[in-house]
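Residue strings, one per chain:
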2 protein chains.
Amino acid sequence: MLRLLPPPAGEQSPDSVYAALDWRAPAGARPHVALNMVCTADGRAAVAGRAAGIGSPTDRLLMRQLRAQADAVMVGAGTLRAEALTPTVPASYAAARLARGQSAQPLGVLVSNSGRLPLDRSFFTRADFARALITSAAGAAALAPAARAGLRVLIAGESAVDLAAALGALRAELGVRWLLCEGGPTLNHALLAAGLVDELFLTLAPKLAAGPGPTIVEGAPFAPAAAPRLRLLTVHADGDELYLRYRVVREEAAPCR
Amino acid sequence: MLRLLPPPAGEQSPDSVYAALDWRAPAGARPHVALNMVCTADGRAAVAGRAAGIGSPTDRLLMRQLRAQADAVMVGAGTLRAEALTPTVPASYAAARLARGQSAQPLGVLVSNSGRLPLDRSFFTRADFARALITSAAGAAALAPAARAGLRVLIAGESAVDLAAALGALRAELGVRWLLCEGGPTLNHALLAAGLVDELFLTLAPKLAAGPGPTIVEGAPFAPAAAPRLRLLTVHADGDELYLRYRVVREEAAPCR
C-alpha cells in the first residue's frame with residue numbers, strides 16, 4: 001500500500017501501518033481513547049445493519065494492529081448484537097503484548113445502559129480474554145445472574161452510563177491506558193459529546209451504499225462552538241481504500257483582544 | 001497544498017488542482033457527469049440544513065475550478081431552496097471558457113419534479129448566465145408563467161423526472177458535454193441509481209457534526225450487486241482537509257467459467 005501522509009510518500013507494507021503507534025501513557029485520569037470505524041464514501045458505517053463487509057481485508061488487518069496495541073477494546077451493546085464481534089487478536093500478536101507487559105488479549109469492554117446483554121454472543125462465551133461491563137446502577141440491578149460470571153462490572157451513573165466516570169474507573173481499577181472503541185455510532189457520539197475521544201481512525205471504503213445505515217457518529221448535532229475538529233495525522237491508501245488517522249481537538253475559543 | 005495521489009507526492013498550488021481536468025468529449029448520448037460534494041468526516045453533507053460552511057475557502061476554490069470547466073452546473077430544487085447558490089464562476093474564468101468555445105458562464109440547470117420553483121433566488125434573478133429547468137410533464141404544467149421567462153424547459157417523464165432522458169436532451173438540444181452536479185443528496189441518489197454518474201469529487205472536511213444532516217447520497221439502499229464502486233483517481237490535502245476524486249464504476253459481474 002501507499003503511505004501518502006506524512007511525507008515522504010511511498011510504498012509501505014500493510015503490516016506496519018498502525019503496528020507501532022506513538023501512544024504514550026496518558027497523563028490524565030482516563031485512558032487515551034481512539035475510535036476505529038469504517039464507512040462508505042457516502043458515510044455509511046453500516047449496510048444492511050452491519051459494518052462487517054464494508055471494509056477490505058486490509059482494513060481488518062489494520063483493525064487488528066490497533067487492537068493489538070490497546071489495553072482494552074470497547075463496544076456498545078447494540079453493536080455487539082448486530083455484529084457478533086469478539087475484540088481479540090490472533091495468537092501471533094500475543095508474544096509482543098506479553099513482552100510489553102500487556103495481557104495476551106485486550107480486555108473486552110461492553111457498554112450497556114440497560115444491563116440487557118446478548119449473552120449468546122462469542123463475546124461472552126469465549127474463554128480466551130477477560131471481560132468488563134460498563135453500565136449504570138439501573139443496568140447493574142437488571143443484570144441476569146448468569147451475566148455476571150467472569151464479568152468485571154463497573155457501575156457509573158444512575159440510569160444512564162456516566163462515561164467520564166466509567167473511563168476513570170477503567171484506568172484506576174483496571175489499569176487501562178489505551179482504549180480502542182469500535183462503536184457503535186451512538187457510543188461514539190456519547191464519547192465525543194463528553195470530550196473523551198483523542199483520536200479517530202477512519203477507513204473510507206471505495207463504495208456508495210445509500211440507505212438507512214448510520215454514519216460513524218449518531219446523535220444530537222454538536223453545537224458549532226463545541227464541535228470536534230480533526231487534525232489529519234496520517235493517510236494511507238491500498239488500492240482505492242483510504243485509511244485516515246485524525247487527532248480530535250476541541251474548537252479553540254477566539255483569543256481575547 | 002499537497003498532492004498525495006497520483007505519485008510523486010509533493011507541493012501543488014491550489015490554483016492548479018482541478019483546473020485542467022482530463023475531460024474528453026463523451027462518446028455516449030449524455031454528458032459526462034461529475035458530482036461535487038463536501039461532507040464532514042462523519043458523512044454530513046449539510047449542517048443545520050446547509051452545506052455552506054462545511055468546506056474551507058480551498059474547497060470553494062476547487063468548486064470554482066470544476067464549474068469553470070463544466071458546460072453546465074446542475075442542482076436540485078430542494079438544494080437551491082436551502083443554499084441560495086448561483087452556479088457561476090468569477091469573471092476571471094470567462095476568458096478561458098470563451099477561448100475553449102464555452103459560454104462565459106456555465107449553463108445553470110435546475111431539477112424539479114413538481115415545477116414549484118424558488119423564484120426569489122439569485123439563480124432566477126441574476127442576468128449573467130443562462131438557465132434551464134429539467135422537470136416532468138406534470139411539473140411543466142404546474143409552472144408559474146413568470147417562471148418561464150428566460151428559462152429553457154426540458155420535459156422528461158410524466159410525474160417524475162426521467163433523468164436519463166433529461167441528460168440526453170441536455171446533450172442533444174443544448175450541447176452539454178460536461179455536467180457538474182452539486183447535489184442535493186436526493187438528486188445524487190437518483191443519478192447514481194440510474195447509472196448516470198461518471199465521477200465523484202468529494203471534499204472531506206476535518207470536523208464532526210453529528211445531527212440529522214443528510215449524507216451525500218440519500219435514498220433507498222443500493223442493491224449490493226448494483227452498488228456503485230469507486231476508483232480513487234487523485235488525493236490532495238490542504239491542512240487537515242482532503243480532496244478526493246473518484247471514478248464511479250458498476251460492480252462487475254463475476255466472469256463466467
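Q: Give a detailed account of the overall build of chain A, specifying residues and quantitative values.
A: For chain A, the helix and strand inventory stands at seven helices and eleven strands. At 18 Å, chain A has a C-alpha radius of gyration in line with the 18 Å of a compact globule built from 257 residues. Evaluated residue by residue, chain A yields a buried proportion of 49% over its 257 residues. In chain A, 70% of the contacts between residues at least 6 apart in sequence involve partners at least 24 apart.

Q: How would you explain the interface of chain A and chain B if you had to name every residue and give the values?
A: At the interface, 36 residues of chain A touch 36 residues of chain B. Looking at the side of chain A that touches chain B, the elements that each hand over two or more residues are strand 1 (2-5), helix 7 (185-193), strand 9 (199-205) and strand 10 (228-238) of chain A. The dominant element in the side of chain A that touches chain B, judged by the number of residues it contributes, is strand 10 of chain A, at seven residues. Its residues placed into classes, the side of chain A that touches chain B shows 25 nonpolar, five polar and six charged.

Q: Break down the environment of Ala72 of chain B for me, with residues and values.
A: Residues and elements named next belong to chain B. By the element assignment, Ala72 lies in strand 4 (residues 72-76). Judged by local crowding, Ala72 falls into the buried class, with 26 C-beta atoms found within 10 Å. In this structure the C-alpha to C-alpha distance between Ala72 and His189, which are 117 residues apart in sequence, comes to 19 Å. In contact with Ala72, other than residues within four places in its own chain, are Pro106, Leu107, Val109, Leu170, Val176 and Leu179.

Q: How would you summarise the relation of the copies chain A and chain B if you had to cite specific residues and measurements?
A: Rotating chain A by 180° about the axis while translating it 0.0 Å along that axis superimposes it on chain B, leaving an RMSD of 0.0 Å. Such values leave the two copies arranged in the relation of a two-fold axis. Nearest to the rotation axis, the C-alpha of Gly43 of chain A is located 2.1 Å from it, this being the minimum over chain A. Looking at chain A, 100% of its interface residues are interface residues in chain B too, so the copies touch through the same face.

Q: Please set out the sheet that holds strand 1 (residues 2-5) of chain B residue by residue, giving values where relevant.
A: Residues and elements named next belong to chain B. Taken in spatial order, the eleven strands make up an open sheet running 2-1-10-11-9-3-8-4-5-6-7, and their pairing is mixed. If you trace the sheet from one side to the other, it starts and ends with strand 2 (10-11) and strand 7 (151-155), each paired once. Across six bridges, strand 9 (residues 199-205) lies against strand 11 (residues 241-250) in antiparallel orientation. Paired with Thr203 across the two strands is Tyr243, which belongs to strand 11. The strands touched by helix 1 (residues 57-69) within the sheet are strand 3 (32-40), strand 4, strand 8 (178-181), strand 9, strand 10 (228-238) and strand 11, with strand 3 carrying the most contacts at an inclination of about 170°. Across the sheet, helix 6 (residues 163-174) lies against strand 3, strand 4, strand 5 (107-112), strand 6 (131-135), strand 7 and strand 8, angled at about 130° from strand 7, the strand it touches most.

Q: Run through the nonpolar core, naming residues and quoting values.
A: Formed by 149 residues in total, the largest nonpolar core has its most connected members in Val109 and Leu179 of chain A together with Val109 and Leu179 of chain B. Apart from residues lying up to four places away in sequence, Val109 of chain A is in contact with Ala72, Val73, Met74, Ala132, Ile134 and Leu170 of chain A.

Q: I'd like to hear about the pairing of strand 11 (residues 241-250) of chain A, residue by residue, with values.
A: All names here are of chain A. In terms of burial, strand 11 is largely enclosed, as seven of its ten residues are buried. Across ten bridges, strand 10 lies against strand 11 in antiparallel orientation. In the strand pairing of strand 11, Pro228 is matched with Arg250.

Q: Kindly report on unusual backbone geometry, identifying the contributing residues and their values.
A: Between Leu5 of chain A and the following residue, Pro6 of chain A, the backbone shows a cis peptide bond with an omega angle of -5°. By the secondary structure assignment, Pro6 of chain A is in the loop between strand 1 and strand 2 (10-11). Note the cis peptide between Pro7 of chain B and Pro8 of chain B, where omega equals 0°. Structurally, Pro8 of chain B is set in the loop between strand 1 and strand 2. Positioned with a positive phi, Ala48 of chain A is a non-glycine residue whose angle comes to about 55°. Residue position: Ala48 of chain A is located in the loop between strand 3 (32-40) and helix 1 (57-69). On the basis of neighbour count, Ala48 of chain A is assigned to the partly exposed category, with 13 C-beta atoms found within 10 Å.

Rules and cut-offs
- Throughout, a residue's number is its position along its own chain's written sequence, starting from 1.
- Both sets of labels track the order of writing: A upward for chains, 1 upward for ligands.
- Owing to the predicted nature of the model, reporting of local features is limited to residues with pLDDT of at least 70; listing and counting of side-chain atom pairs is limited to 80 or more, with chain, interface and lining totals taken over all residues.
- By the criteria applied, helices consist of DSSP H or I runs no shorter than four residues and strands consist of E runs no shorter than two, each listed in order from the N terminus.
- In this description the radius of gyration comes from C-alpha coordinates, and the expected globular size is given by 2.2 Å times residues to the power 0.38.
- Counting other C-beta atoms within 10 Å of each residue's C-beta, where C-beta atoms are placed from the backbone, gives the exposure class: buried for 20 or more, exposed for 12 or fewer, partly exposed between.
- Residues are defined as contacting one another if the C-beta atoms placed from their backbone atoms lie within 7 Å.
- Gly falls in the polar group here, along with every residue not listed as nonpolar (Ala, Val, Leu, Ile, Met, Phe, Trp, Tyr, Cys, Pro) or charged (Asp, Glu, Lys, Arg).
- Superposing the copies works by least squares over the C-alpha atoms of residues that have pLDDT at least 70 in both of them.
- Following DSSP output, two strands are said to pair if at least two bridges run between them.
- In this description, a line fitted to the C-alpha atoms serves as the axis of each element, helices being fitted only across the stretch in contact, and the angle between N-to-C directions of two axes falls anywhere from 0 to 180 degrees.
- What we call a nonpolar core is a set of buried Ala, Val, Leu, Ile, Met, Phe, Trp, Tyr and Cys residues whose membership is set by joining through C-beta atoms within 7 Å.

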